[in-house]
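So the chains spell out like this:
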2 protein chains.
Amino acid sequence: MKAEVLKGHLEGMLLAVLESGEQHGYAIVEELKSRSGGHITLPTGTVYPALHRLETAGLIAGRWSVHGGRRRRSYTLTRAGNRALSEQRSSWREFADVVSGVLGVEPA
Amino acid sequence: MKAEVLKGHLEGMLLAVLESGEQHGYAIVEELKSRSGGHITLPTGTVYPALHRLETAGLIAGRWSVHGGRRRRSYTLTRAGNRALSEQRSSWREFADVVSGVLGVEPA
DNA sequence: GTCTATACATAACGTCGCTACCTATCGGCA
DNA sequence: TGCCGATAGGTAGCGACGTTATGTATAGAC
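Because the structure is a prediction, the values reported are computed rather than measured.

Asker: What should I look at first to understand the overall build of chain A in this one?
Answerer: Helix and strand counts for chain A stand at 4 helices and 3 strands. In sequence order, the secondary structure elements of chain A are arranged as α-β-α-α-β-β-α. Projected onto its principal axes, the C-alpha coordinates of chain A cover approximately 55 × 30 × 20 Å. Classification of the 108 residues of chain A by burial places 41% in the buried group. Expressed as a percentage of contacts within chain A between residues at least 6 apart in sequence, the contacts between residues at least 24 apart total 45%. With the model as given, the accessible surface of chain A reaches about 5700 Å², and the carbon-plus-sulfur share is 50%. Across chain A, 14 positive and 11 negative side-chain charges occur, with their mean positions spaced 9 Å apart.

Below you can see the structure in the form of structure tokens.
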């Protein structure tokens, strides 16, 4: 997966992963890897700042906990996060249709 | 259409527009607007630098001409540009499938 | 004892689309 | 005569954000 194509789509995917329930950063990376069939392997330097942005924006809420001696920060979707997720979904649809149309590939 | 989502997809679309034949920058903007159903209206500060990048990369070839007293720079796809376009198409397909999968929207 | 997996973090960097602005010609309209 | 909108091209500076590189720390395996 080429680098910059993620721009603007990453945060929606993070929200989508969190929709199934509370998860911590490291687990989100693993989950995203499996959901994408191995195509998306995010460096931690990408995902942690992104989570901080989402939390600052009020789309997710984080809390610290400890498991097996290791600290974790686990996140859940806020109500605003849920709204943002459905907006992301519909704008992704629109975007994908437009790009597919211009590129002349049948819309997936 | 939100801003940065274009990142990494713009150049492929420019190549796609040029696939139908030689066109100049201003006409490309209009063509893109119509092909996208009005969803993509590129500012000239976006498209001209992008065309310069594509030309520098050897994916398109430009030449000056004059029509009705106005100068134009018209571009055509090079062989490398054609290759790049089909690569863009297949990587777009892959990307779109992956994102749709993660977001949980049926692939268009 | 060293290595790998787990878990989080941040500084510096590069890319690239956008905003804002500039130059210039032509045709229409007042 | 003068202004405006469409046509046609250009650049400087900015900002957003994903990446690279690096650092900290614990647990378990070998």
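Asker: So what exactly am I meant to see when it comes to the sheet that holds strand S1 (residues 23-24) of chain B here?
Answerer: Hydrogen bonds along the backbone pair up the strands of a sheet, which may run parallel or antiparallel. Residues and elements named next belong to chain B. With respect to topology, 3 strands assemble into an open sheet ordered S1-S3-S2, the strand pairing being antiparallel. Single-partner strands in this sheet number two, and they are S1 and strand S2 (60-67). Contacting S1, S2 and strand S3 (70-77), helix H1 (residues 10-18) runs over the sheet at an angle of about 95° to S3.

Asker: What is the right way to look at the packing of aromatic side chains in this model?
Answerer: Remark: the centre distance and the inter-plane angle together describe each pair of aromatic rings, the angle taken between the planes. Counted under the stated rule, the structure contains 5 aromatic pairs over all chains. Ring centres of Trp92 of chain A and Trp92 of chain B lie 6.1 Å apart, and the angle between their planes is 40°; this geometry places the pair in the tilted category. With Trp92 of chain A in helix H4 (residues 79-103) and Trp92 of chain B in helix H4 (residues 79-103), this pair bridges two chains. Note on Trp92 of chain A: relative accessible area 4%, which makes it buried. With a centroid separation of 5.9 Å and 80° between ring planes, the pair formed by Trp92 of chain A and Phe95 of chain B is classed as edge-to-face. Note that Trp92 of chain A is positioned in helix H4 and Phe95 of chain B in helix H4, a pairing that runs across two chains.

Basis of the calculations
Residues numbered from 1 in each chain as written. Chains lettered and ligands numbered in written order. Predicted model: local features only at pLDDT ≥ 70, side-chain atom pairs only at ≥ 80, totals over all residues. Heavy atoms only, no water. Helix = DSSP H or I, 4+ residues; strand = E, 2+ residues; numbered from the N terminus. Buried < 20%, exposed > 50% of the residue type's maximum accessible area, 1.4 Å probe, protein only. Contact = heavy atoms within 4.5 Å. Areas by Shrake-Rupley, 256 points an atom, 1.4 Å probe, with all protein chains shown as cover. Lys, Arg positive; Asp, Glu negative; His and termini not counted. Charge placed at Lys NZ, Arg CZ, Asp CG, Glu CD. Pairing = 2+ DSSP bridges. Axes fitted to C-alpha atoms, helices over the stretch in contact; angles between N-to-C directions. Phe/Tyr/Trp six-rings, centres within 6.5 Å; stacked < 30°, edge-to-face > 60°.

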